[in-house]
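So you can see what is in the structure, the chains are spelled out below.
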Amino acid sequence: MDVSQKFDGLRSEIEDRFAEEIVALRRDIHREPELGFDTKKTAQKVLAALDGLPLEVETGIAENGIVATLHGEGEGPTVALRADMDALPIREETGLPFASEAEGKMHACGHDGHTSMLVGAAHALSQDSVRGRLNGTVKFVFQPAEEGGGGGRVMVEEGVAEGVDSIFALHLWPGLPFGTVATKAGPIMAAADGFEMEIRGSGGHGAMPHLTADAVVIAAQVVTALQTVVSREVDPVEPAVLTIGEIGAGTAFNIIPEKARIGGTVRTLNADLRERMPERIEEVARGVAQGMRGDVRLDYNFSYPVTLNDVRAAERALGVAGDLFGEGSVLELRNPSMGGEDFAFFLEKVPGAFVWLGVGEEVSGLHTPRFAFDEEILPRGSALLAALALESLSR
Ligand code: NI
């Protein structure tokens, strides 16, 4: 039996036998979105959907995370497949019949889809006929708190990556043709760090600015000056982003406030550059502020590292996708996204690949209130995850 025949059976079996359940689970999770580590109900739904399968199930990892282990026939390596379970603080506007019933919370990043696809893969791989072909072990990893909070980091700290030889994860991807599987070797997502900066002056009467150090004017100059950190300090061929997304000060139109506050995000692909950014941000901001009789205090937060795909794992993912869906559905990416992803923490410990699964070019973007996708993608994602495990554990 050649590889593509092997996967043909797997794909049609998932579509015929499990698609309905996968879609039902996705809708159930979508209706009750949960944030951060607080994914208790979602975890219960996952456990109920895995019930009866020949898995060793561990719960309570990183609070509400789950690791379900499937032992194959052989003593080969261990491959892990990871899905994220958390939603976002966004008010849903899709109008779907199974739209969020939790006010101000929504699965706007497709994690409901990722979780149900992984459950589908667990069902497919647990069938006796498929399990008998697994020379090794599969771990199904359900992670909370991808959207900030670093649930992936906590799972790694709690030992989830130990004894794992390779790992894969999928992300539904608007802007990519429906059903296209895309990845690349090396960086695929950026390091995503953040900062808060307090700008300190001295306040006073709006009519007597000469008696103050105006924190609003200093903040305005600092925001402008920080635009030069990327444009004038970073090698032009090195990708970097510095965005100030928050600014705040003041209590009344005629009072010069003592303090202002800005918040920003920094995205990089290069570890040395990542390390250097806080120092340059602080120096530029302080120089500007001190020139105007103020000062700054920087609170810098290194959050998610670069999501770095292993060369062979990325090749394997593209190869398996070609066997499953045809070469026309495979795209080797030229460039990474400057978005961040906490699957990066797993990839720091274990070689693996993060893979995008296209949901179409017309789909509203991730993290928007109208994000919705055609559920036909779900059994495909399950098949891709299952095939990645099967290929990684083939004799
Ligand atoms: Ni996401």
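Quick caveat, the model's predicted, so the values are computed rather than measured.

### What about the overall build of the chain?
When its secondary structure is counted, the chain shows 10 helices and 16 strands. In terms of overall dimensions, the chain is globule-like: its C-alpha atoms have a radius of gyration of 24 Å, near the 21 Å expected for 395 residues. Considering only C-alpha atoms, the chain reaches an extent of 80 × 45 × 40 Å along its principal axes. When burial is assessed residue by residue, the chain has 54% of its 395 residues classed as buried. Taking all contacts inside the chain whose residues are at least 6 apart in sequence as the whole, residues at least 24 apart take part in 81%. Computing the positive centroid from 35 side-chain charges and the negative centroid from 61, the chain places the two 3 Å apart.

### A word on the domain arrangement of the chain
Taken domain by domain, the chain holds domain 1 (3-188 + 306-392) and domain 2 (191-304). Distance between the C-alpha centres of domain 1 and domain 2: 38 Å. Taken together, the 15 residues of domain 1 in the interface contact 10 residues of domain 2. Surface buried jointly by domain 1 and domain 2 totals about 850 Å² across both partners, of which 70% is contributed by carbon and sulfur atoms. Interface area lost by domain 1 to domain 2 is led by V306, M338 and F345, which between them contribute 63%.

### Here we look at the packing of helix α2 (residues 40-50) against helix α3 (residues 111-126)
One way to put it is that α2 packs onto α3 with a least axis distance of 10 Å and a crossing angle of 20°. As judged from the angle between their axes, α2 and α3 are roughly parallel. The crossing of α2 and α3 is right-handed. Between α2 and α3, the contacting residues are V46, A49 and L50 on the first element and T115, V119, A122 and H123 on the second. Each residue belonging to the contact of α2 with α3 can be placed in one class, and the counts come to 5 nonpolar, 2 polar and no charged.

### Here's the deal with the coordination of the nickel ion
For the nickel ion, the full set of protein donor atoms is C109 (SG), H111 (NE2) and H171 (NE2), and the range of their distances to it is 2.2 to 2.3 Å. All donors of the nickel ion belong to a single chain; written as a sequence motif, their spacing is C-x1-H-x59-H. When its relative accessible area of 0% is taken as the criterion, H111 is described as buried.

### Brief notes about the packing of aromatic side chains
Given two aromatic rings, their pairing is described by the distance between the two centres and the angle made by the two planes. In the structure shown here, the tally under the stated rule is 7 aromatic pairs. Considering the side-chain rings of F343 and F346, the 5.8 Å spacing of their centres and the 35° angle between planes classify their relative orientation as tilted. With respect to class, F343 is no different from F346; both count as buried. Ring plane angle 45° and centroid distance 5.8 Å describe the contact between F371 and F373, whose orientation is recorded as tilted.

### Digging into the pattern of salt bridges
Counted according to the given criterion, the structure contains 23 salt bridges. Two residues, D28 and K45, come together in a salt bridge whose shortest N-O distance is 3.9 Å. Here K45 lies in helix α2 and D28 lies in helix α1 (residues 3-31), a separation of 17 residues in the sequence. In this structure D28 comes out as partly exposed when scored by relative accessible area, which is 30%. Taking relative accessible area as the criterion, K45 reaches 11% and is therefore assigned buried.

### Re the layout of surface pockets
Size it by volume and the largest pocket reaches roughly 470 Å³. Around the largest pocket sit 23 residues that line it, and E147, R267, Y304, G340 and H367 are the ones nearest its centre. Where the lining of the largest pocket is concerned, the elements lending two or more residues are β5 (166-174), β8 (191-200), β12 (259-268) and β13 (295-304). Here the residues of the lining of the largest pocket sort into 8 nonpolar, 10 polar and 5 charged. The two domains that each donate at least three residues to the lining of the largest pocket are domain 1 (3-188 + 306-392) and domain 2 (191-304). In this structure, the second largest pocket encloses a volume near 200 Å³. Around the second largest pocket, the lining comprises 13 residues; the ones closest to its centre are D165, S166, D310, R316 and P351. Here the residues of the lining of the second largest pocket are counted per class, giving 6 nonpolar, 3 polar and 4 charged.

### Here's the deal with the sheet that holds strand β15 (residues 330-332)
Read from one edge of the open sheet, 8 strands run β1-β2-β4-β3-β5-β16-β6-β15, paired in mixed fashion. Two strands in the sheet have a free side with no partner beyond their single neighbour: β1 (56-61) and β15. The mean inter-strand angle of the sheet, taken between neighbouring strand axes irrespective of direction, is 20°. Here 4 bridges tie strand β3 (residues 78-84) to β5, and the two strands are oriented parallel to one another. Its bridge partner being in β5, R82 is matched across the sheet by A169. Along the sheet, helix α10 (residues 377-392) makes contact with β3, β4 (137-143), β5, β6 (181-183) and β16 (352-360), crossing β5 at roughly 160°.

### Looking at the pairing of β5
The two faces of the sheet receive side chains in turn, since in a regular strand these alternate between them. Among the 9 residues in β5, 9 count as buried, and that is most of the element. Burial along β5 is two-sided: S166, F168, L170, L172 and P174 facing one way and I167, A169, H171 and W173 facing the other are all buried. Pairing of β5 with β16 involves 8 bridges; the strand directions are parallel. From the neighbouring strand, A169 faces β16, where its bridge partner is F354.

About the thresholds
Residues numbered from 1 in each chain as written. Predicted model: local features only at pLDDT ≥ 70, side-chain atom pairs only at ≥ 80, totals over all residues. Heavy atoms only, no water. Helix = DSSP H or I, 4+ residues; strand = E, 2+ residues; numbered from the N terminus. Rg over C-alpha atoms; globule rule 2.2 N^0.38 Å. Buried < 20%, exposed > 50% of the residue type's maximum accessible area, 1.4 Å probe, protein only. Contact = heavy atoms within 4.5 Å. Lys, Arg positive; Asp, Glu negative; His and termini not counted. Charge placed at Lys NZ, Arg CZ, Asp CG, Glu CD. Domains from an automatic or database assignment. Buried area = accessible area lost by both parts, 1.4 Å probe. Axes fitted to C-alpha atoms, helices over the stretch in contact; angles between N-to-C directions. Parallel < 35°, antiparallel > 145°, perpendicular 65-115°, else oblique. Left-handed = near helix turned anticlockwise from the far one by under 90°. Nonpolar A, V, L, I, M, F, W, Y, C, P; charged D, E, K, R; others polar. Donors = N, O, S within 2.8 Å, 3.2 Å for Na, K, Ca; no water. Phe/Tyr/Trp six-rings, centres within 6.5 Å; stacked < 30°, edge-to-face > 60°. Salt bridge = Lys/Arg side-chain N within 4 Å of Asp/Glu carboxyl O. 1 Å grid on protein atoms, 1.4 Å probe; cavity = no way out; pocket = protein on both sides within 12 Å on 5 of 7 lines; lining within 4 Å. Points joined across faces, edges and corners; volume = space filled by probe spheres on them. Pairing = 2+ DSSP bridges.

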